[in-house]
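# Structural features, examined
Single-letter residue listing:
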Amino acid sequence: MNEHSRRTVRILAVGDVFVDRPPAAADFSALAGLLASGDIVFGNCEGAYSSSPDRAPQARGPQVAATANAQALRTLGFDVMSLSNNHAVDGGHEGLRQTIEALRARAVRPVGAGLNLAEAFEPAVLTRNSLTVAFVAVSTVFPAGYEARAGVPGIATLRAHTFYVNPDPSYWNPGCAPLIITAVDEGDSALAEEAVGRAAELADVTVASVHWGDPFRPHVLTDCEPQVAQLLVDAGADIVLGHHQHLLRGTGFVDGKPVFYGLGNIACDLPGLAADLHRETPEQDFDDEASCVRELGEYGIFPRAGYPLLPFHPDARRTVVARCDVGADGITSVGLYPCRIAPEGAVEPLRSSDGRHQEDLAHMRTCMEHVPMPADLSVEDDDGYAYWRLSPR
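Below is a short write-up of the structure. (Residues numbered from 1 in each chain as written. Predicted model: local features only at pLDDT ≥ 70, side-chain atom pairs only at ≥ 80, totals over all residues. Heavy atoms only, no water.)

### Some details on the overall build of the protein chain
Each helix and strand in the protein chain was counted, giving nine helices and 22 strands. Principal axes of the C-alpha set define a box for the protein chain whose edges measure 60 × 55 × 50 Å. Sorting the 393 residues of the protein chain into buried and exposed places 56% on the buried side. Sequence-distant contacts in the protein chain: of pairs separated by 6 or more residues, those separated by 24 or more amount to 69%. Working note: accessible area of the protein chain is about 16000 Å², and carbon and sulfur atoms make up 52% of it. (Helix = DSSP H or I, 4+ residues; strand = E, 2+ residues; numbered from the N terminus. Buried < 20%, exposed > 50% of the residue type's maximum accessible area, 1.4 Å probe, protein only. Contact = heavy atoms within 4.5 Å. Areas by Shrake-Rupley, 256 points an atom, 1.4 Å probe, with all protein chains shown as cover.)

Given below as structure tokens:
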């Protein structure tokens, strides 16, 4: 029994999770200790677990691991995982089906994907301490063809159309950076609103997961993200969990509801990335990090020295566990536990006495500067863990 009241449910949430390493190397004991304090633990399943995948032609750097690797998700204590992302169908429709089966076999509820459109938008409903919590998951980022259709497997999508506009139509300035405007697709938004509304009717608390954002720039939000957050809250979401960027984003409140714009990675193993990149772009020297920075940019995805499983900018080694305590009358507490990812891929929740906690706090404050209606952040100690309590301004 957790220390918090029987009348509340503690939801813990992380961003991208994809375990592709030998079982003996998957040391998640420190993280599992923190996640054990949650009544419901959520993550984004950033890939497929399949013994016989059929690579999707559109897959870029396919993320497919052996089915046995899914056991780490049970070891970590996940209860529900989103499959609505840009990698869930990397192993084709068969790989998606096997991933769904692998999660269910380990008592993890999949959400945001299915063997048809109706299944993809079906809420996952869990009951803890006499309270029901419903999850809905959608993605704004995915390869064309990954979307579920009436009789076709795939993910629940929330597409947006992009327009590039001259920032000053009264002045000719060829080649200047355009103003980027997005408009959420009416058909997809209707499906998402219906799914969230249905979930709100079924449960005391509704959580919307959304895969969104730009992984190649730090801190910023795209034009689409605040729009989608407002849409989901208006439809009935009490909590919005964002992920995909691999780099942390700030947290804001929309009509009093917490929106975590980017939860980063907890484990996003890509051990075969270098070989995939060499095969697809043989002219680029991916063993030369300086060359990769010149060609792909500082925040590009390429092998990083000392981190064989995590090919992202060093800032991606900072991550968080989000916490929401909810009761029958709503959300009672919101916050973040800062964590660091080690070179071998272990995840370490930071203690209050750890000097890195202050470095990550400064980083998070910078992230907050880019969020509309950002949260106020106060620092606390939670049984030795560094904890950042969040509240509306």
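Next comes the rest of the description.
### Describing the pattern of salt bridges
A full pass over the atoms with the stated rule returns 20 salt bridges. The salt bridge involving Arg-159 is made with Glu-147; its shortest N-O contact spans 4.0 Å. Taken together, the residues Arg-159 in the loop between strand E10 (154-155) and strand E11 (160-165) and Glu-147 in the loop between strand E9 (131-139) and E10 connect sequence positions twelve residues apart. Residue Arg-159 is classed as partly exposed on the basis of its relative accessible area of 33%. (Salt bridge = Lys/Arg side-chain N within 4 Å of Asp/Glu carboxyl O.)

### Regarding the pairing of strand E2 (residues 40-45)
For E2, a buried count of six out of six residues is recorded, marking the element as mostly surrounded by other parts of the structure. Of the two faces of E2, both are covered, the one formed by Ile-40, Phe-42 and Asn-44 as well as the one formed by Val-41, Gly-43 and Cys-45. As defined by bridge partners, strand E1 (residues 8-18) adjoins E2 across five bridges and the pair is classed as parallel. Pairing of Asp-16 across the sheet is with Asn-44, part of E2. Strand direction decides the pairing type here: E2 and strand E5 (residues 80-82), joined by three bridges, are parallel. Each bridged residue has a counterpart across the sheet, and for Gly-43 the counterpart in E5 is Met-81. (Pairing = 2+ DSSP bridges.)

### Quick word on the sheet that holds strand E13 (residues 205-211)
Within the open sheet, the six strands sit side by side as E8-E9-E13-E14-E16-E15. Their pairing is mixed. Both outer strands of the open sheet, strand E8 (124-128) and strand E15 (251-254), are each paired with one neighbouring strand and no more. Pairs of neighbouring strands in the sheet enclose a mean axial angle of 20 degrees, with direction left out of account. Bridge count for E8 against E9 is five bridges, and the pairing is antiparallel. Across the sheet, the residue bridging to Thr-127 is Thr-132, located in E9. (Axes fitted to C-alpha atoms, helices over the stretch in contact; angles between N-to-C directions.)

### Observations regarding the packing of aromatic side chains
Across all of its chains, the model carries five aromatic pairs by this definition. Relative to Tyr-49, the ring of Phe-18 has its centre 5.5 Å away and its plane inclined at 40 degrees; by these criteria the two rings are tilted. Of this pair, Phe-18 sits in strand E1 while Tyr-49 sits in strand E3 (residues 48-49), placing them 31 residues apart in sequence. For Phe-18, a relative accessible area of 1% translates into the label buried. Aromatic side chains Tyr-337 and Tyr-385 sit 6.1 Å apart centroid to centroid with 75 degrees between the ring planes, which places their arrangement in the edge-to-face category. Of this pair, Tyr-337 sits in strand E19 (residues 330-341) while Tyr-385 sits in strand E22 (residues 385-391); the two residues are 48 residues apart in sequence, bridging distant segments of the chain. Chaining the aromatic ring pairs together yields one cluster made of Tyr-337, Tyr-385 and Tyr-387. The ring centre of Phe-302 lies 3.9 Å from the NZ or CZ of Arg-304, which sits over that ring. Over the ring of Tyr-385 we find Arg-351, and its NZ or CZ is 4.2 Å from the ring centre. (Phe/Tyr/Trp six-rings, centres within 6.5 Å; stacked < 30°, edge-to-face > 60°. Lys NZ or Arg CZ within 6 Å of the ring centre and 35° of its normal.)

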